[in-house]
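Residues per chain are reported as follows:
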Amino acid sequence: MSRPELRTESTLVPGLAAVALFAVMAAAFLNASFPEPTGFGADAAVVRSIGAALFDIDPAAVTGDGAAVASEGFLAAFLLIAVLLDAALDGSIMLARREDEGGDGR
């Protein structure tokens with residue numbers, strides 16, 4: 001029985017590229033500076049503002065106390081996640097139906 005041999009001629013360049021990319025990414029993350037988080041404040045109504053933006057209502061009228069938050073960015077992320085979850089659910093239903101119908105695909 002012979003020992004396995006490592007083929008270095010075909011894996012050396014991609015390996016060095018991966019190590020170099022890791023070094024660049026690590027340096028970028030370690031040297032990055034981020035501002036202090038500010039938050040929304042204790043009286044901010046984030047969920048009410050998102051709901052008001054979803055139904056195209058004035059957020060100040062919904063919150064009542066004027067603590068509305070600019071929520072268009074939240075609304076875009078909310079709708080994007082909803083569409084992606086719906087696509088995942090549709091795909092899982094499609095895969096489950098194929099398995100129930102039989103292995104020959106008819």
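See the structure shown above.
Criteria and cut-off values
Residues numbered from 1 in each chain as written. Predicted model: local features only at pLDDT ≥ 70, side-chain atom pairs only at ≥ 80, totals over all residues. Heavy atoms only, no water. Helix = DSSP H or I, 4+ residues; strand = E, 2+ residues; numbered from the N terminus. Contact = heavy atoms within 4.5 Å. Areas by Shrake-Rupley, 256 points an atom, 1.4 Å probe, with all protein chains shown as cover. Buried < 20%, exposed > 50% of the residue type's maximum accessible area, 1.4 Å probe, protein only. Arc of directions from axis to C-beta. Patch = residues over 30% accessible without salt bridge, like charges linked within 9 Å, V, L, I, M, F, W, Y side chains within 5 Å. Salt bridge = Lys/Arg side-chain N within 4 Å of Asp/Glu carboxyl O.

A. Spatial organisation of the overall build of the protein. Counting secondary structure elements, the protein contains four helices and zero strands. When the helices and strands of the protein are placed in sequence order, the string is α-α-α-α. For the protein, contacts bridging at least 24 residues in sequence account for 31% of all contacts bridging at least 6. For the protein, the computed accessible surface area is about 9300 Å², with 65% contributed by carbon and sulfur atoms.

B. Seen up close, helix H2 (residues 46-54). Here H2 has its buried residues at Ser 49, Ile 50 and Ala 52. Relative to the axis of H2, the buried residues are bounded by an arc of 160° and lie together on one face. Asp 56 lies just past H2 and shows a positive phi near 60°.

C. Fine view of a nonpolar patch on the surface. On the surface, a nonpolar cluster with roughly 500 Å² of combined accessible area is contributed by Leu 54, Phe 55, Ile 57, Phe 78 and Leu 79. With respect to the helices, strands and loops of the structure, Phe 55 is situated in the loop between H2 and helix H3 (59-63). Phe 55 sits in the exposed class, given a relative accessible area of 64%.

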